[in-house]
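Results of the structural survey
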Amino acid sequence: GNTGRTFLIKPGPNATNDMVSAMVQAAPGDVIQFDCGYFELTSSLQLINTEDIRVKGCGKDKTVLSFKNNNAPEGILAVNVHGFWVEDLTVLDTGGNGVEMRSVDHGSVTRVRAIWSSGGGRASPDPITASNYAANSAKRLNVACTSPAVRDPSVPENVLLGGTTSPDYTV
């Protein structure tokens, strides 16, 4: 695609405002680049009616976007975008989908992790945070998923059907 501008977003108290500013200004060929670190974001990253936009971090173990305090369900949302790339980051503790694409043509998600803190995601008593995500990245972020649960245990009929538990993590 085109070679556009790069909006660099750094962790810290201005991260959400910087992200919103970048997504409002983003034009075809632009990159929204999240620096290494842990981001506490209070808004979704939304791109609507545009094209050729890249959202990237510096690695799924190095760039963590926490949406725990975001009111909207999605972390990253693209609607009616032609050419959309998300790469090299982790999306953490969204209320709904980590990355959602609606009417996206040529969308790509590469080296991206969507994860929720064990024991309730946003409501977890022991969540993944800025102070623990890097120190215990092998334990906190790299969760083996050898036998995932496939049914919601809070729905009574699912308990009869099975598939509500996993040896690896709590749904």
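To keep things clear, this report deals only with the structure shown in the data block.

Another point: the overall build of the protein chain. Of the regular secondary structure elements, the protein chain holds three helices and eight strands. Overall, the protein chain shows an N-to-C arrangement of helices and strands of β-α-β-β-β-β-β-β-β-α-α. Its C-alpha atoms give the protein chain principal-axis dimensions of about 50 × 35 × 25 Å. Across the protein chain, the fraction of contacts at a sequence separation of at least 24, relative to all contacts at a separation of at least 6, is 58%. With an accessible surface of roughly 8,700 Å², the protein chain has 50% of that area assigned to carbon and sulfur atoms. For the protein chain, the centre of its 14 positive side-chain charges and the centre of its 17 negative side-chain charges are spaced 5 Å apart.

Residue Ser103 is not a glycine yet carries a positive backbone phi of 50°. Structurally, the position occupied by Ser103 is in the loop between strand E7 (99-102) and strand E8 (105-115). Positive phi, normally seen in glycine, also occurs at Arg111, with a value near 50°. Note on placement: Arg111 falls in strand E8.

Here is what the cut-offs are and how they apply
- Every chain is numbered on its own, with residues counted from 1 as its sequence reads.
- Note on the predicted model: pLDDT of at least 70 is required for a residue's local features to be given, and 80 or more for side-chain atom pairs to be given and counted; whole-chain, interface and lining totals, by contrast, use all residues.
- For the side-chain quantities, the full set of heavy atoms in the structure was used; hydrogens and water were omitted.
- Labels follow the DSSP assignment, with helices taken as runs of H or I lasting at least four residues and strands as runs of E lasting at least two, numbered in each case from the N terminus.
- Contacts are residue-level and defined by heavy atoms, with any inter-residue pair within 4.5 Å sufficient.
- The protein chains shown are the only cover counted for residues, whose accessible areas, like all others here, come from Shrake-Rupley with a 1.4 Å probe.
- Two residue types count as positive, namely Lys and Arg, and two as negative, namely Asp and Glu; His and chain ends fall outside the count.
- Charged side chains are reduced to one point each, which is NZ for Lys, CZ for Arg, CG for Asp and CD for Glu.

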